[in-house]
Protein chains: 2
Amino acid sequence: MINIGLYGYGNIARGIEEAVKHNDDFNIVAVFSRRDPSTVKTSSGVKVYHSSEVANFVGKIDIMVLCGGSATDLPVQGPQMLKLFNTIDTFDTHAKIPEYFQTMDKVGKENGHIGAISVGWDPGLFSINRCLFEACMPEGENYTFWGKGVSQGHSDAIRRIEGVLDARQYTIPKEDAVNKVKAGLNPTLTARDKHLRECFVVLKEGADKDYVEQTIKSMPNYFADYDTIVHFISMNEMRKNHMGLAHGGTVIRGGNLSSENKAVMSFEMNTESNPQFTSSVVIAYARAIYRMHNEGRVGAVSVLDVPVSYLSKKDSKTLLKELL
Amino acid sequence: MINIGLYGYGNIARGIEEAVKHNDDFNIVAVFSRRDPSTVKTSSGVKVYHSSEVANFVGKIDIMVLCGGSATDLPVQGPQMLKLFNTIDTFDTHAKIPEYFQTMDKVGKENGHIGAISVGWDPGLFSINRCLFEACMPEGENYTFWGKGVSQGHSDAIRRIEGVLDARQYTIPKEDAVNKVKAGLNPTLTARDKHLRECFVVLKEGADKDYVEQTIKSMPNYFADYDTIVHFISMNEMRKNHMGLAHGGTVIRGGNLSSENKAVMSFEMNTESNPQFTSSVVIAYARAIYRMHNEGRVGAVSVLDVPVSYLSKKDSKTLLKELL
């Protein structure tokens, strides 16, 4: 049995509770929250403790699953928790990964713990495939498409506009671009060529519709470089049609094997629940780092450092027979 | 520089010569052949030696790439070469992989060498994805589709029929089945549901067309359980239209994350040259096992045992920055 704790209780933690149902070598020992534990009810019935009590669980938890957000939680909680436990997290601020890895690597090595960072699908399974594709066909180009799915960051950006009550932004890959890449044409694609941004916005009473639409469409980085569609809807319609957590995406590489022959590889994922999928991946990697730590590995690791055999419950003989 | 030798000189060896052009950390030291070396001309100009001279190259070759066939060459050459060198091969007789792994593991450990077995795309990249998919979503089902591409085994089976001068058999995945699986329906599929077998046959003068067609279509294991189409063509048409080495395939897993939410993952590969693609994968894994051996690893390994970061020429920092 691999004993895990959940540090933070949101969508990822709830996803872990689901994932553990399909992975009977895991046991959730405790949930830790900054909130008053009496106000947090877990769906699995696991007991909730205040985060200040976490040090009492040293020796009782093999791996602490860090379920906080990347923006402000993980940069602080990651190193704190790695001092006490082996950890796994879903840190996904791509630009800050090298720095976070370095910090976690140092703390892990100083304290004899292993910390798996940035586990999930992107970063995560997509990263594995980007690396695998590039190494197996060096002359070529990687493309990543995301969606169709809600971008939390873009939805938040719209919600900050004056007059907006609620918003969802769907990132949608442009089929024409995907098809060109899949055909091995290695096209040069701008941001606009690759993805469409479709926004559903609920206005506050008396808000200026044109102002909101123009502010969205001209927002630098987020929308200005894209074809952006804005729909104004009622709160009822938002609740009815836009509460889903589906997401997905594709990594594709086209390249040349020789002057005569090309190849194309692609990895595609579609899920009805982004957090449940992420959590399901996290549990597999928790198993892997549990094993790696038992073999003496300490410091930070990413999905790129983990052989896939370590993810599986099956032993080496069974894997060779059934999956190789 | 990683110094490699090529043991056997056929399509895979020629593919390695191409792959090394895109991987400048490799140097081909020598080619070994059972034929008279003066009759073998390598496309890269690398010198050919008789296979009986191979022991003279101990200490000069880091990894011997075994380019022989799985049926009769590798079961003998694998253990022989692994006594002298680190090795990598493309052993692809799925049913015999566990036994071959065990033999190679023993020889490798006894002689302090590492032997990577069954590298390529299936077994190989497909195996990685089957394992990754299953571990990341335990409740679900894996499907593998092959093609469109020539099956050497099925083509050979047709060539053994009386009256047949030459033949090519294309394995073609059935679109309807692929679409159902990609939609996450996890259908129950028979062999017939999954693949179509299309055969192009050149008859000998005076051969019995109906006999050949019936013999093909009723051949147990190979064709009887499939929808099989037989075309009779001229030798000219065979030479003009059916000499290509294109191949490809897809691994798909659909499954349940919870009682409410599903997910589907897929990996797809299409290549204009099956042997060149295989060789390109082999070179990446040769780099990986060179590193693993430098770290002290001995015995047999499969692609499931190799972290993808070991495949890349890029250092860990660059990988985190560019690919994670």
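All values derive from a computational prediction rather than experimental measurement.

A.B. asks: With reference to specific residues and values, describe the sheet that holds strand β9 (residues 164–173) of chain B.
C.D. replies: All names here are of chain B. Spatially, four strands are ordered β8-β9-β10-β11 in an open sheet, and the strand pairing comes out mixed. Where the open sheet ends on each side, the last strands, each with one partner, are β8 (149–150) and β11 (227–232). When strand β10 (residues 195–203) meets β11, the two strands line up parallel, connected through six bridges. For Cys199, the partnering residue across the bridge sits in β11 and is Val230. Helix α5 (residues 152–159) contacts β8, β9 and β10 of the sheet and is inclined by roughly 145 degrees relative to β9.

A.B. asks: Report on the interface of chain A and chain B, specifying residues and quantitative values.
C.D. replies: If you look at the interface, chain A gives 65 residues, while chain B gives 65 residues. Here chain A meets chain B over a buried area of about 5700 Å², counting both sides, of which 62% is carbon and sulfur. On the surface where chain A and chain B come into contact, there are two salt bridges. For the pair chain A and chain B, the number of links is 30 residue pairs in polar contact (both at pLDDT 80 or more). Elements supplying a minimum of two residues to the side of chain A that touches chain B: α3 (97–111), α4 (125–136), β13 (262–271), α10 (274–294) and α11 (316–322) of chain A. In terms of residue count, α4(A) provides more of the side of chain A that touches chain B than any other element does, eleven residues in total. Here the side of chain A that touches chain B is composed, by residue class, of 33 nonpolar, 20 polar and twelve charged. The pairing of β13(A) with strand β13 (residues 262–271) of chain B spans nine bridges and is classified as antiparallel. Residue pairing for β13(B): A:Asn270 is matched across the bridge by B:Val264.

A.B. asks: Explain the packing of aromatic side chains residue by residue, including any values.
C.D. replies: Evaluation of the coordinates by the stated rule reveals 18 aromatic pairs over all chains. For the ring pair A:Phe91 and A:Tyr100, a centre distance of 4.2 Å and an interplane angle of 25 degrees mean the geometry is stacked. Residues A:Phe91 and A:Tyr100 agree in their burial class; the two are buried. Ring geometry for B:Phe126 versus B:Phe267: centroids 5.7 Å apart, planes at 85 degrees, classification edge-to-face.

A.B. asks: Just give me the short version of the relation of the copies chain A and chain B, but keep the residues and values in it.
C.D. replies: Superposition of chain A onto chain B requires a rotation of 180 degrees combined with a translation of 0.0 Å along the rotation axis, giving an RMSD of 0.0 Å. Expressed as an axis order, the relation between the two copies is that of a two-fold axis. Interface overlap between copies: 100% of the residues of chain A at the interface are likewise at the interface in chain B, consistent with a symmetric, same-surface contact.

A.B. asks: Before we move on, could you go through the sheet that holds strand β8 (residues 149–150) of chain A and cite the residues and values that matter?
C.D. replies: All names here are of chain A. On the basis of which strands lie adjacent, the open sheet formed by four strands has the order β8-β9-β10-β11 and mixed pairing. Each edge of the open sheet carries a strand with a single partner, namely β8 and β11 (227–232). Taken together, the two bridges between β8 and strand β9 (residues 164–173) define a ladder with antiparallel strand orientation. Looking at β9, one finds that Gly149 is bridged to Thr171. Along the sheet, helix α8 (residues 209–217) contacts β9, β10 (195–203) and β11; its crossing angle with β11, the most-contacted strand, is approximately 155 degrees.

A.B. asks: I'd like to hear about helix α10 (residues 274–294) of chain B, residue by residue, with values.
C.D. replies: Because the α-helix completes a turn every 3.6 residues, residues three or four places apart line up on one side. Residue and element names in this part refer to chain B. When the terminal C-alpha atoms of α10 are compared, their 31 Å separation across 21 residues agrees well with the 30 Å that a helix rising 1.5 Å per residue should span. The buried count for α10 comes to 16 of 21 residues, which makes it a mostly enclosed element. By the N-cap criterion, in which a side-chain oxygen at the helix start approaches the backbone nitrogen of a residue two or three places on, α10 is capped by Ser273, the distance to Gln276 being 3.1 Å.

A.B. asks: Tell me what's going on with the pattern of salt bridges, and back it up with residues and numbers.
C.D. replies: Residues and elements named next belong to chain A. Counted according to the given criterion, the structure contains 34 salt bridges over all chains. Of the charged contacts, one joins Asp122 and Arg130 as a salt bridge, the two residues approaching to 2.8 Å between their closest N and O atoms. Here Asp122 falls in the buried class, since its relative accessible area comes to 15%. On the basis of relative accessibility, which here comes to 8%, the residue Arg130 falls in the buried class. Put simply, Asp156, Arg159, Asp166 and Arg168 are held in one network by salt bridges that share partners.

A.B. asks: An account of the pairing of strand β4 (residues 63–66) of chain A is requested, with residue identities and associated values reported.
C.D. replies: Residue and element names in this part refer to chain A. Alternating residues of β4 divide into Ile63 and Val65 and Met64 and Leu66, and every residue in both groups is buried. In the sheet, strand β1 (residues 2–7) pairs with β4 via four bridges, with the strands oriented parallel. Bridge pairing in β4 links Tyr7 to Leu66. The pairing of β4 with strand β5 (residues 86–89) spans four bridges and is classified as parallel. Note that in β5 the partner of Ile63 across the bridge is Asn86. For the handedness criterion, the β-α-β arrangement of β4, helix α2 (residues 73–84) and β5 is classed as right-handed.

A.B. asks: Got a sec to walk through unusual backbone geometry? Specific residues and values, please.
C.D. replies: Cis geometry marks the peptide bond from B:Asp122 to B:Pro123; its omega dihedral reads 5 degrees. Inspection of the secondary structure assignment puts B:Pro123 in the loop between β6 (114–116) and α4 (125–136). A positive phi is found at A:Asn186, a non-glycine position, where the angle reads about 40 degrees. Looking at the element boundaries, A:Asn186 is found in the loop between α6 (175–182) and α7 (191–194). Here A:Asn186 falls in the partly exposed class, since its relative accessible area comes to 26%. In this structure, B:Ser118 is a non-glycine residue whose phi angle is positive, near 60 degrees. By the secondary structure assignment, B:Ser118 is in the loop between β6 and α4. Using a relative accessible area of 0% as the deciding quantity, one classes B:Ser118 as buried.

What counts, and at which threshold
Residues numbered from 1 in each chain as written. Chains lettered and ligands numbered in written order. Predicted model: local features only at pLDDT ≥ 70, side-chain atom pairs only at ≥ 80, totals over all residues. Heavy atoms only, no water. Pairing = 2+ DSSP bridges. Helix = DSSP H or I, 4+ residues; strand = E, 2+ residues; numbered from the N terminus. Contact = heavy atoms within 4.5 Å. Axes fitted to C-alpha atoms, helices over the stretch in contact; angles between N-to-C directions. Buried area = accessible area lost by both parts, 1.4 Å probe. Salt bridge = Lys/Arg side-chain N within 4 Å of Asp/Glu carboxyl O. Polar contact = N/O pair within 3.5 Å; in protein donor to acceptor, adjacent residues only side chain to side chain. Nonpolar A, V, L, I, M, F, W, Y, C, P; charged D, E, K, R; others polar. Phe/Tyr/Trp six-rings, centres within 6.5 Å; stacked < 30°, edge-to-face > 60°. Buried < 20%, exposed > 50% of the residue type's maximum accessible area, 1.4 Å probe, protein only. Least-squares fit on C-alpha atoms with pLDDT ≥ 70 in both. Expected span 1.5 Å × (residues − 1). Right-handed = clockwise from strand over helix to strand, strands pointing away.

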